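Listed here are the chains, written in short residue letters.
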2 protein chains.
Amino acid sequence: MNRRNFVRTSAALTASTLAFEAIVNPANADIATTAGPYFIGPTEGYSPQIGTLVSMLNYNRMTVLNAVGGMTMDQLDFLFDKKANSIGALLMHLGATNAFYHVNTFEKRELNEPETKLWGSAMELGDKGRSEIKGHELKYYVDLITEVRKDADPAENKDDAWLLAVDPDPNWSRKDMPLNCYWKWFHVCEHESNHRGQISWLKSRLPGAKDSKE
Amino acid sequence: MNRRNFVRTSAALTASTLAFEAIVNPANADIATTAGPYFIGPTEGYSPQIGTLVSMLNYNRMTVLNAVGGMTMDQLDFLFDKKANSIGALLMHLGATNAFYHVNTFEKRELNEPETKLWGSAMELGDKGRSEIKGHELKYYVDLITEVRKDADPAENKDDAWLLAVDPDPNWSRKDMPLNCYWKWFHVCEHESNHRGQISWLKSRLPGAKDSKE
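Quick caveat: nothing in here was measured; it's all calculated off a predicted structure.

A. Region of interest: the overall build of chain A. Secondary structure summary: chain A contains eleven helices and zero strands in total. The N-to-C order of helical and strand elements in chain A reads α-α-α-α-α-α-α-α-α-α-α. Within the span of chain A, comprising 214 residues, buried residues form 58% of the whole. Look at the contacts in chain A between residues 6 or more apart in sequence, and 68% of them connect residues 24 or more apart. Just so you have it, chain A exposes about 9,100 Å², and 54% of that area is on carbon and sulfur atoms.

Put into C-alpha coordinates, the structure is as follows:
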(Lines give C-alpha, C1' and ligand atoms only; values in the text may rest on other atoms or scores of the structure.)
Protein backbone atom coordinates (compact mmCIF):
# COMPACT_ATOMS: atom_id res chain seq x y z
CA MET A 1 0.00 0.00 0.00
CA ASN A 2 1.47 3.31 -1.02
CA ARG A 3 -0.15 6.66 -0.44
CA ARG A 4 -1.99 6.57 -3.77
CA ASN A 5 -3.54 3.20 -2.94
CA PHE A 6 -4.44 4.42 0.50
CA VAL A 7 -6.20 7.47 -0.85
CA ARG A 8 -8.08 5.40 -3.40
CA THR A 9 -9.25 2.98 -0.72
CA SER A 10 -10.06 5.84 1.55
CA ALA A 11 -12.09 7.66 -1.08
CA ALA A 12 -14.07 4.53 -1.91
CA LEU A 13 -14.76 4.04 1.75
CA THR A 14 -15.89 7.59 2.19
CA ALA A 15 -18.20 7.53 -0.79
CA SER A 16 -20.12 4.57 0.52
CA THR A 17 -19.94 5.82 4.07
CA LEU A 18 -22.03 8.93 4.01
CA ALA A 19 -25.32 7.08 3.77
CA PHE A 20 -24.35 5.01 6.76
CA GLU A 21 -23.33 7.88 8.98
CA ALA A 22 -26.67 8.17 10.77
CA ILE A 23 -26.59 4.46 11.44
CA VAL A 24 -23.03 4.43 12.65
CA ASN A 25 -23.53 7.28 15.03
CA PRO A 26 -27.12 7.05 16.16
CA ALA A 27 -26.43 9.00 19.32
CA ASN A 28 -23.54 11.04 18.03
CA ALA A 29 -24.53 12.50 14.71
CA ASP A 30 -23.21 15.92 15.70
CA ILE A 31 -19.81 14.54 16.59
CA ALA A 32 -19.53 12.60 13.37
CA THR A 33 -20.35 15.77 11.48
CA THR A 34 -17.74 17.87 13.22
CA ALA A 35 -14.83 15.45 13.60
CA GLY A 36 -15.59 12.64 11.18
CA PRO A 37 -14.47 9.04 11.17
CA TYR A 38 -10.77 9.70 10.52
CA PHE A 39 -10.24 11.74 13.65
CA ILE A 40 -9.38 9.46 16.55
CA GLY A 41 -9.14 11.21 19.89
CA PRO A 42 -11.05 13.11 22.53
CA THR A 43 -14.57 13.86 21.40
CA GLU A 44 -16.84 16.66 22.50
CA GLY A 45 -19.25 15.67 25.23
CA TYR A 46 -17.12 12.83 26.58
CA SER A 47 -14.24 12.56 29.02
CA PRO A 48 -10.90 12.36 27.14
CA GLN A 49 -10.36 8.61 27.18
CA ILE A 50 -14.04 7.77 26.67
CA GLY A 51 -14.19 10.19 23.74
CA THR A 52 -11.18 8.49 22.19
CA LEU A 53 -12.77 5.09 22.63
CA VAL A 54 -16.04 6.34 21.11
CA SER A 55 -14.17 7.58 18.02
CA MET A 56 -12.54 4.15 17.68
CA LEU A 57 -15.81 2.27 18.12
CA ASN A 58 -17.49 4.50 15.54
CA TYR A 59 -14.67 4.13 13.02
CA ASN A 60 -14.56 0.36 13.31
CA ARG A 61 -18.32 0.03 13.10
CA MET A 62 -18.29 2.16 9.94
CA THR A 63 -15.78 -0.17 8.33
CA VAL A 64 -17.90 -3.21 9.21
CA LEU A 65 -21.02 -1.62 7.75
CA ASN A 66 -19.08 -0.69 4.62
CA ALA A 67 -17.88 -4.27 4.26
CA VAL A 68 -21.43 -5.67 4.30
CA GLY A 69 -23.21 -2.81 2.53
CA GLY A 70 -25.64 -4.06 -0.13
CA MET A 71 -25.38 -7.75 0.73
CA THR A 72 -28.36 -9.95 -0.04
CA MET A 73 -29.90 -12.51 2.30
CA ASP A 74 -28.27 -15.30 0.31
CA GLN A 75 -24.89 -13.67 0.71
CA LEU A 76 -25.42 -13.11 4.43
CA ASP A 77 -26.42 -16.76 4.82
CA PHE A 78 -23.61 -18.20 2.68
CA LEU A 79 -21.57 -20.90 4.42
CA PHE A 80 -18.13 -21.26 2.89
CA ASP A 81 -17.46 -24.71 4.36
CA LYS A 82 -18.69 -26.86 7.23
CA LYS A 83 -16.61 -24.94 9.77
CA ALA A 84 -17.49 -21.49 8.50
CA ASN A 85 -19.79 -18.93 10.06
CA SER A 86 -22.04 -16.95 7.77
CA ILE A 87 -21.46 -13.23 7.45
CA GLY A 88 -24.87 -12.69 9.04
CA ALA A 89 -23.81 -14.78 12.04
CA LEU A 90 -20.57 -12.81 12.35
CA LEU A 91 -22.54 -9.56 12.39
CA MET A 92 -24.78 -10.96 15.13
CA HIS A 93 -21.67 -12.09 16.97
CA LEU A 94 -20.48 -8.48 17.09
CA GLY A 95 -23.81 -7.47 18.59
CA ALA A 96 -23.67 -10.30 21.10
CA THR A 97 -20.22 -9.27 22.25
CA ASN A 98 -21.36 -5.67 22.57
CA ALA A 99 -24.40 -6.79 24.60
CA PHE A 100 -22.29 -9.00 26.88
CA TYR A 101 -19.80 -6.26 27.74
CA HIS A 102 -22.52 -3.66 28.01
CA VAL A 103 -24.36 -5.44 30.81
CA ASN A 104 -21.04 -6.46 32.36
CA THR A 105 -19.63 -2.95 32.58
CA PHE A 106 -22.76 -0.81 32.88
CA GLU A 107 -24.92 -3.09 35.00
CA LYS A 108 -22.43 -5.52 36.56
CA ARG A 109 -24.42 -8.56 35.53
CA GLU A 110 -24.54 -11.33 32.93
CA LEU A 111 -27.00 -11.51 30.04
CA ASN A 112 -30.51 -12.24 31.29
CA GLU A 113 -32.90 -14.77 29.76
CA PRO A 114 -34.42 -12.66 26.95
CA GLU A 115 -30.97 -11.26 26.10
CA THR A 116 -29.51 -14.76 26.00
CA LYS A 117 -32.39 -15.86 23.78
CA LEU A 118 -31.57 -13.06 21.35
CA TRP A 119 -27.78 -13.27 21.41
CA GLY A 120 -26.89 -16.76 22.68
CA SER A 121 -26.46 -18.53 19.35
CA ALA A 122 -24.45 -15.60 18.01
CA MET A 123 -22.21 -15.65 21.04
CA GLU A 124 -21.51 -19.36 20.60
CA LEU A 125 -21.36 -19.43 16.79
CA GLY A 126 -20.43 -22.91 15.49
CA ASP A 127 -23.22 -25.42 14.88
CA LYS A 128 -25.76 -23.43 16.87
CA GLY A 129 -25.03 -20.25 14.94
CA ARG A 130 -25.17 -22.10 11.62
CA SER A 131 -28.56 -23.63 12.34
CA GLU A 132 -30.24 -20.69 14.07
CA ILE A 133 -28.92 -17.53 12.39
CA LYS A 134 -30.22 -17.30 8.83
CA GLY A 135 -33.04 -16.04 6.70
CA HIS A 136 -32.66 -12.35 7.54
CA GLU A 137 -32.09 -9.29 5.40
CA LEU A 138 -29.14 -7.00 6.14
CA LYS A 139 -31.40 -4.47 7.88
CA TYR A 140 -32.26 -7.03 10.55
CA TYR A 141 -28.63 -7.36 11.61
CA VAL A 142 -27.76 -3.69 11.24
CA ASP A 143 -30.76 -2.62 13.31
CA LEU A 144 -29.89 -5.04 16.11
CA ILE A 145 -26.21 -4.20 16.34
CA THR A 146 -26.97 -0.49 16.10
CA GLU A 147 -29.55 -0.67 18.86
CA VAL A 148 -27.30 -2.53 21.28
CA ARG A 149 -24.46 -0.11 20.59
CA LYS A 150 -26.75 2.82 21.27
CA ASP A 151 -27.77 1.29 24.59
CA ALA A 152 -24.15 1.06 25.58
CA ASP A 153 -23.23 4.65 24.84
CA PRO A 154 -20.43 5.03 27.37
CA ALA A 155 -21.07 8.75 27.79
CA GLU A 156 -23.92 8.23 30.18
CA ASN A 157 -22.76 9.30 33.62
CA LYS A 158 -19.38 7.73 33.08
CA ASP A 159 -15.90 9.22 33.24
CA ASP A 160 -12.30 8.17 32.67
CA ALA A 161 -12.01 6.80 36.21
CA TRP A 162 -14.83 4.37 35.37
CA LEU A 163 -13.19 3.41 32.10
CA LEU A 164 -9.78 2.82 33.66
CA ALA A 165 -11.01 0.99 36.77
CA VAL A 166 -9.70 -2.54 37.24
CA ASP A 167 -12.34 -5.24 37.66
CA PRO A 168 -11.73 -6.65 41.16
CA ASP A 169 -13.51 -9.92 40.30
CA PRO A 170 -10.86 -12.69 40.33
CA ASN A 171 -12.68 -14.28 37.38
CA TRP A 172 -11.48 -11.29 35.36
CA SER A 173 -8.34 -9.99 37.03
CA ARG A 174 -5.57 -12.32 38.04
CA LYS A 175 -3.46 -11.21 40.96
CA ASP A 176 -0.56 -10.10 38.77
CA MET A 177 -2.64 -9.37 35.69
CA PRO A 178 -5.29 -6.69 36.29
CA LEU A 179 -8.01 -6.37 33.69
CA ASN A 180 -9.80 -3.06 33.40
CA CYS A 181 -13.00 -1.69 31.91
CA TYR A 182 -11.07 -0.06 29.05
CA TRP A 183 -9.73 -3.48 28.06
CA LYS A 184 -13.30 -4.79 27.84
CA TRP A 185 -14.41 -1.97 25.55
CA PHE A 186 -11.20 -2.01 23.54
CA HIS A 187 -11.84 -5.70 23.02
CA VAL A 188 -15.38 -4.96 21.80
CA CYS A 189 -13.74 -2.53 19.36
CA GLU A 190 -10.80 -4.59 18.07
CA HIS A 191 -13.03 -7.68 17.96
CA GLU A 192 -15.00 -5.92 15.21
CA SER A 193 -11.77 -5.60 13.21
CA ASN A 194 -11.00 -9.26 13.80
CA HIS A 195 -14.30 -10.39 12.35
CA ARG A 196 -14.30 -7.72 9.64
CA GLY A 197 -11.12 -9.43 8.44
CA GLN A 198 -13.06 -12.68 8.19
CA ILE A 199 -16.06 -10.97 6.59
CA SER A 200 -13.80 -9.48 3.90
CA TRP A 201 -12.20 -12.87 3.33
CA LEU A 202 -15.58 -14.57 2.97
CA LYS A 203 -16.97 -11.73 0.87
CA SER A 204 -14.28 -12.19 -1.75
CA ARG A 205 -15.27 -15.87 -1.97
CA LEU A 206 -19.03 -15.46 -2.25
CA PRO A 207 -20.45 -17.13 -5.37
CA GLY A 208 -19.74 -14.73 -8.23
CA ALA A 209 -17.31 -12.57 -6.26
CA LYS A 210 -14.58 -10.72 -8.13
CA ASP A 211 -10.93 -11.34 -7.45
CA SER A 212 -9.64 -9.90 -4.24
CA LYS A 213 -6.41 -9.79 -2.33
CA GLU A 214 -7.98 -10.63 1.03
CA MET B 1 -19.04 -16.53 25.21
CA ASN B 2 -20.05 -16.49 28.85
CA ARG B 3 -17.77 -15.50 31.65
CA ARG B 4 -16.53 -19.06 32.12
CA ASN B 5 -15.52 -19.32 28.48
CA PHE B 6 -13.88 -15.94 28.66
CA VAL B 7 -11.79 -16.96 31.64
CA ARG B 8 -10.77 -20.20 29.99
CA THR B 9 -9.70 -18.39 26.84
CA SER B 10 -7.99 -15.75 28.88
CA ALA B 11 -6.09 -18.28 30.97
CA ALA B 12 -4.91 -20.13 27.87
CA LEU B 13 -3.80 -16.87 26.34
CA THR B 14 -1.92 -15.87 29.44
CA ALA B 15 -0.13 -19.18 29.80
CA SER B 16 1.31 -18.96 26.32
CA THR B 17 1.91 -15.25 26.63
CA LEU B 18 4.55 -15.02 29.29
CA ALA B 19 7.31 -16.31 27.05
CA PHE B 20 6.39 -13.74 24.47
CA GLU B 21 6.32 -10.77 26.79
CA ALA B 22 9.87 -9.69 26.08
CA ILE B 23 9.14 -9.87 22.37
CA VAL B 24 5.88 -8.00 22.59
CA ASN B 25 7.35 -5.21 24.62
CA PRO B 26 10.94 -4.94 23.54
CA ALA B 27 11.21 -1.37 24.70
CA ASN B 28 8.64 -1.52 27.49
CA ALA B 29 9.37 -4.60 29.54
CA ASP B 30 8.92 -2.69 32.79
CA ILE B 31 5.48 -1.44 31.78
CA ALA B 32 4.34 -4.90 30.78
CA THR B 33 5.44 -6.16 34.17
CA THR B 34 3.60 -3.52 36.12
CA ALA B 35 0.38 -3.11 34.15
CA GLY B 36 0.15 -6.19 31.96
CA PRO B 37 -1.67 -6.77 28.70
CA TYR B 38 -5.21 -6.50 30.09
CA PHE B 39 -4.82 -2.96 31.33
CA ILE B 40 -5.64 -0.52 28.55
CA GLY B 41 -4.99 3.10 29.38
CA PRO B 42 -2.33 5.65 30.22
CA THR B 43 1.04 4.01 30.66
CA GLU B 44 4.00 5.21 32.69
CA GLY B 45 6.55 7.13 30.65
CA TYR B 46 4.12 8.22 27.95
CA SER B 47 1.66 11.07 27.53
CA PRO B 48 -1.90 9.91 28.37
CA GLN B 49 -3.18 9.24 24.85
CA ILE B 50 0.13 7.80 23.59
CA GLY B 51 0.30 5.53 26.63
CA THR B 52 -3.21 4.27 25.88
CA LEU B 53 -2.28 3.62 22.28
CA VAL B 54 0.88 1.78 23.34
CA SER B 55 -1.16 -0.50 25.61
CA MET B 56 -3.49 -1.26 22.69
CA LEU B 57 -0.65 -1.93 20.26
CA ASN B 58 1.02 -4.23 22.79
CA TYR B 59 -2.17 -6.14 23.52
CA ASN B 60 -3.00 -6.68 19.88
CA ARG B 61 0.53 -7.73 19.02
CA MET B 62 0.46 -10.25 21.85
CA THR B 63 -2.71 -11.80 20.44
CA VAL B 64 -1.15 -12.06 16.99
CA LEU B 65 1.96 -13.74 18.39
CA ASN B 66 -0.22 -16.12 20.38
CA ALA B 67 -2.16 -17.01 17.24
CA VAL B 68 0.96 -18.01 15.33
CA GLY B 69 3.00 -19.43 18.22
CA GLY B 70 4.66 -22.74 17.33
CA MET B 71 3.80 -22.66 13.63
CA THR B 72 6.11 -24.51 11.25
CA MET B 73 7.44 -23.15 7.97
CA ASP B 74 4.98 -25.35 6.07
CA GLN B 75 2.10 -23.91 8.05
CA LEU B 76 3.34 -20.35 7.56
CA ASP B 77 3.62 -20.99 3.80
CA PHE B 78 0.27 -22.78 3.43
CA LEU B 79 -1.99 -21.29 0.73
CA PHE B 80 -5.63 -22.13 1.33
CA ASP B 81 -6.72 -21.35 -2.23
CA LYS B 82 -5.52 -19.34 -5.20
CA LYS B 83 -6.73 -16.06 -3.69
CA ALA B 84 -5.38 -16.71 -0.22
CA ASN B 85 -2.40 -15.13 1.46
CA SER B 86 -0.18 -17.33 3.58
CA ILE B 87 -0.04 -16.70 7.31
CA GLY B 88 3.61 -15.73 6.87
CA ALA B 89 2.65 -13.13 4.29
CA LEU B 90 -0.02 -11.74 6.60
CA LEU B 91 2.55 -11.39 9.38
CA MET B 92 4.87 -9.54 6.99
CA HIS B 93 1.92 -7.38 5.94
CA LEU B 94 1.52 -6.24 9.55
CA GLY B 95 5.19 -5.27 9.59
CA ALA B 96 4.87 -3.47 6.26
CA THR B 97 1.94 -1.43 7.52
CA ASN B 98 3.83 -0.57 10.67
CA ALA B 99 6.85 0.50 8.61
CA PHE B 100 4.72 2.61 6.26
CA TYR B 101 3.02 4.56 9.05
CA HIS B 102 6.23 4.82 11.03
CA VAL B 103 8.08 6.72 8.33
CA ASN B 104 4.91 8.65 7.48
CA THR B 105 4.29 9.93 11.00
CA PHE B 106 7.81 10.06 12.45
CA GLU B 107 9.77 11.11 9.41
CA LYS B 108 7.11 12.58 7.09
CA ARG B 109 8.26 10.52 4.13
CA GLU B 110 7.40 7.41 2.13
CA LEU B 111 9.28 4.12 2.31
CA ASN B 112 12.72 4.42 0.75
CA GLU B 113 14.28 1.91 -1.64
CA PRO B 114 15.71 -0.61 0.84
CA GLU B 115 12.53 -0.40 2.93
CA THR B 116 10.40 -0.98 -0.14
CA LYS B 117 12.60 -3.93 -1.09
CA LEU B 118 11.98 -5.45 2.33
CA TRP B 119 8.28 -4.66 2.71
CA GLY B 120 6.91 -4.05 -0.80
CA SER B 121 5.61 -7.52 -1.59
CA ALA B 122 4.06 -7.75 1.89
CA MET B 123 2.37 -4.40 1.40
CA GLU B 124 0.87 -5.50 -1.91
CA LEU B 125 0.11 -9.12 -0.99
CA GLY B 126 -1.72 -10.95 -3.82
CA ASP B 127 0.38 -12.64 -6.49
CA LYS B 128 3.54 -10.82 -5.51
CA GLY B 129 3.16 -11.81 -1.87
CA ARG B 130 2.41 -15.42 -2.79
CA SER B 131 5.49 -15.75 -4.98
CA GLU B 132 7.99 -13.79 -2.87
CA ILE B 133 7.09 -14.44 0.76
CA LYS B 134 7.82 -18.04 1.69
CA GLY B 135 10.47 -20.38 3.00
CA HIS B 136 10.98 -18.68 6.34
CA GLU B 137 10.70 -19.95 9.90
CA LEU B 138 8.44 -18.12 12.35
CA LYS B 139 11.41 -16.38 13.96
CA TYR B 140 12.15 -14.56 10.71
CA TYR B 141 8.74 -12.89 10.70
CA VAL B 142 8.59 -12.25 14.44
CA ASP B 143 12.04 -10.65 14.46
CA LEU B 144 11.16 -8.35 11.57
CA ILE B 145 7.80 -7.17 12.90
CA THR B 146 9.26 -6.75 16.38
CA GLU B 147 12.15 -4.68 15.11
CA VAL B 148 9.99 -2.31 13.07
CA ARG B 149 7.62 -1.86 16.01
CA LYS B 150 10.55 -1.03 18.27
CA ASP B 151 11.75 1.57 15.80
CA ALA B 152 8.37 3.23 15.91
CA ASP B 153 8.10 3.51 19.67
CA PRO B 154 5.90 6.59 19.83
CA ALA B 155 7.31 7.65 23.17
CA GLU B 156 10.34 9.23 21.60
CA ASN B 157 9.96 12.99 21.92
CA LYS B 158 6.29 12.81 21.09
CA ASP B 159 3.26 14.00 23.02
CA ASP B 160 -0.52 13.96 22.74
CA ALA B 161 -0.51 17.09 20.56
CA TRP B 162 1.58 15.18 18.00
CA LEU B 163 -0.72 12.18 18.19
CA LEU B 164 -3.90 14.23 17.77
CA ALA B 165 -2.58 16.54 15.03
CA VAL B 166 -4.49 16.48 11.76
CA ASP B 167 -2.42 15.74 8.66
CA PRO B 168 -2.72 18.89 6.52
CA ASP B 169 -1.82 16.98 3.33
CA PRO B 170 -4.93 16.93 1.10
CA ASN B 171 -3.97 13.41 0.05
CA TRP B 172 -4.82 12.39 3.60
CA SER B 173 -7.34 14.90 4.91
CA ARG B 174 -10.34 15.90 2.86
CA LYS B 175 -11.69 19.36 3.52
CA ASP B 176 -14.61 18.11 5.59
CA MET B 177 -12.93 14.93 6.74
CA PRO B 178 -9.75 15.55 8.72
CA LEU B 179 -7.46 12.60 9.27
CA ASN B 180 -5.12 12.67 12.23
CA CYS B 181 -1.98 10.91 13.41
CA TYR B 182 -3.95 8.95 15.99
CA TRP B 183 -6.11 7.53 13.19
CA LYS B 184 -2.96 6.30 11.45
CA TRP B 185 -1.69 4.50 14.55
CA PHE B 186 -5.12 3.24 15.52
CA HIS B 187 -5.32 1.79 12.05
CA VAL B 188 -1.95 0.06 12.50
CA CYS B 189 -3.43 -1.38 15.69
CA GLU B 190 -6.89 -2.47 14.53
CA HIS B 191 -5.39 -3.72 11.27
CA GLU B 192 -3.55 -6.36 13.33
CA SER B 193 -6.92 -7.55 14.66
CA ASN B 194 -8.31 -7.62 11.14
CA HIS B 195 -5.58 -9.93 9.91
CA ARG B 196 -5.46 -11.93 13.15
CA GLY B 197 -9.09 -12.80 12.33
CA GLN B 198 -7.91 -14.15 8.98
CA ILE B 199 -4.93 -15.91 10.54
CA SER B 200 -7.24 -17.69 13.01
CA TRP B 201 -9.57 -18.65 10.17
CA LEU B 202 -6.70 -20.06 8.10
CA LYS B 203 -5.10 -21.72 11.13
CA SER B 204 -8.23 -23.76 11.78
CA ARG B 205 -8.05 -24.99 8.17
CA LEU B 206 -4.38 -25.94 8.03
CA PRO B 207 -3.85 -29.56 7.00
CA GLY B 208 -4.49 -31.62 10.12
CA ALA B 209 -6.10 -28.78 12.08
CA LYS B 210 -8.66 -29.61 14.72
CA ASP B 211 -12.22 -28.35 14.57
CA SER B 212 -12.66 -24.70 15.30
CA LYS B 213 -15.45 -22.19 15.46
CA GLU B 214 -13.57 -19.53 13.53
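Still more ground to cover, so stick around.
B. Summary view of the relation of the copies chain B and chain A. Mapping chain B onto chain A leaves a residual RMSD of 0.0 Å; the transformation is a rotation of 180 degrees accompanied by 0.0 Å of translation along its axis. Both copies are brought into coincidence by an operation consistent with a two-fold rotation axis. It is Asn194(B) whose C-alpha, among those of chain B, lies nearest the rotation axis, at 2.1 Å. When the interface residues of chain B are mapped onto chain A, 98% of them are again interface residues, pointing to one common binding face.

C. Up close: the interface of chain B and chain A. Every contact between the two is made by 64 residues of chain B and, on the other side, 63 residues of chain A. Carbon and sulfur atoms supply 57% of the area buried between chain B and chain A, which totals about 6,000 Å² over both sides. Applying the counting rule to chain B against chain A returns four salt bridges. Between Arg205(B) and Asp81(A) there is a salt bridge, and its shortest N-O distance comes to 2.8 Å. Elements represented by at least two residues in the side of chain B that touches chain A include exactly α1 (3–17), α4 (48–68), α6 (87–107), α7 (113–124) and α11 (181–203) of chain B. Among the elements that line the side of chain B that touches chain A, the one with the most residues is α11(B), at 14 residues.

D. Representation of the nonpolar core in the model. Grouped together as the largest cluster of nonpolar side chains are 111 residues, with contacts concentrated most on Leu91(A), Trp183(A), Trp185(A), Leu91(B), Trp183(B) and Trp185(B). When neighbours within four sequence positions are excluded, Leu91(A) is seen to be in contact with Val64(A), Val68(A), Leu76(A), Leu138(A), Tyr141(A), Ile145(A) and Ile199(A).

E. Inspection of the packing of aromatic side chains at higher detail. One pass over the full model with this rule turns up 27 aromatic pairs over all chains. Look at Phe80(A) and Phe80(B): their rings are 5.7 Å apart centre to centre, the planes differ by 50 degrees, and that puts the pair in the tilted class. Within this pair, whereas Phe80(A) is found in the loop between α5 (73–77) and α6 (87–107), its partner Phe80(B) is found in the loop between α5 (73–77) and α6, the two belonging to separate chains. Of the residues examined, Phe80(A) reaches a relative accessible area of 23% and is grouped as partly exposed. Aromatic pair Tyr140(B) and Tyr141(B): ring centres 5.3 Å apart, planes at 80 degrees, arrangement edge-to-face. Using a relative accessible area of 0% as the deciding quantity, one classes Tyr141(B) as buried. Cluster of aromatic residues (ring-pair linked, three or more members): Phe100(A), Tyr101(A), Trp172(A), Trp183(A), Phe186(A), Tyr38(B) and Tyr59(B). Positioned above the aromatic ring of Trp172(A), the side-chain terminus of Lys184(A) is 4.4 Å from the ring centre. If you follow Arg205(A) out to its NZ or CZ, it ends over the ring of Trp201(A), 3.4 Å from the centre.

F. Molecular detail of the packing of α6(A) against helix α7 (residues 113–124) of chain A. All names here are of chain A. In the contact formed by α6 and α7, the axes pass within 8 Å of each other and the chain directions differ by 125 degrees. Classified by the interaxial angle, the pair formed by α6 and α7 is oblique. Crossing handedness for the pair α6 and α7: left-handed. On α7, the residues touching Met92, His93, Gly95, Ala96, Thr97, Ala99, Phe100 and Val103 of α6 are Glu115, Leu118, Trp119, Ala122 and Met123.

G. Main features of the pattern of salt bridges. All names here are of chain A. All chains considered together, the criterion is met by 20 salt bridges over all chains. In this structure, Asp143 engages Lys139 in a salt bridge whose closest nitrogen and oxygen atoms are separated by 2.5 Å. Taken as a pair, Asp143 and Lys139 lie in helix α9 (residues 138–151) at a separation of four residues, close to a single helical turn. What makes Asp143 partly exposed here is its relative accessible area of 36%. A salt bridge links Lys184 to Asp167; its shortest N-O distance comes to 2.6 Å. Remark: Asp167 occurs in the loop between α10 (160–164) and α11 (181–203) and Lys184 occurs in helix α11; sequence separation between them is 17 residues. Here Lys184 matches Asp167 in class, with each residue buried. Through salt bridges with shared partners, a single ionic network connects Arg61, Arg149 and Glu192.

Basis of the calculations
Residues numbered from 1 in each chain as written. Chains lettered and ligands numbered in written order. Predicted model: local features only at pLDDT ≥ 70, side-chain atom pairs only at ≥ 80, totals over all residues. Heavy atoms only, no water. Helix = DSSP H or I, 4+ residues; strand = E, 2+ residues; numbered from the N terminus. Buried < 20%, exposed > 50% of the residue type's maximum accessible area, 1.4 Å probe, protein only. Contact = heavy atoms within 4.5 Å. Areas by Shrake-Rupley, 256 points an atom, 1.4 Å probe, with all protein chains shown as cover. Least-squares fit on C-alpha atoms with pLDDT ≥ 70 in both. Buried area = accessible area lost by both parts, 1.4 Å probe. Salt bridge = Lys/Arg side-chain N within 4 Å of Asp/Glu carboxyl O. Core = buried A, V, L, I, M, F, W, Y, C linked by side-chain atoms within 4.5 Å. Phe/Tyr/Trp six-rings, centres within 6.5 Å; stacked < 30°, edge-to-face > 60°. Lys NZ or Arg CZ within 6 Å of the ring centre and 35° of its normal. Axes fitted to C-alpha atoms, helices over the stretch in contact; angles between N-to-C directions. Parallel < 35°, antiparallel > 145°, perpendicular 65-115°, else oblique. Left-handed = near helix turned anticlockwise from the far one by under 90°.

Scope: geometric values only; no functional claims are made or implied.
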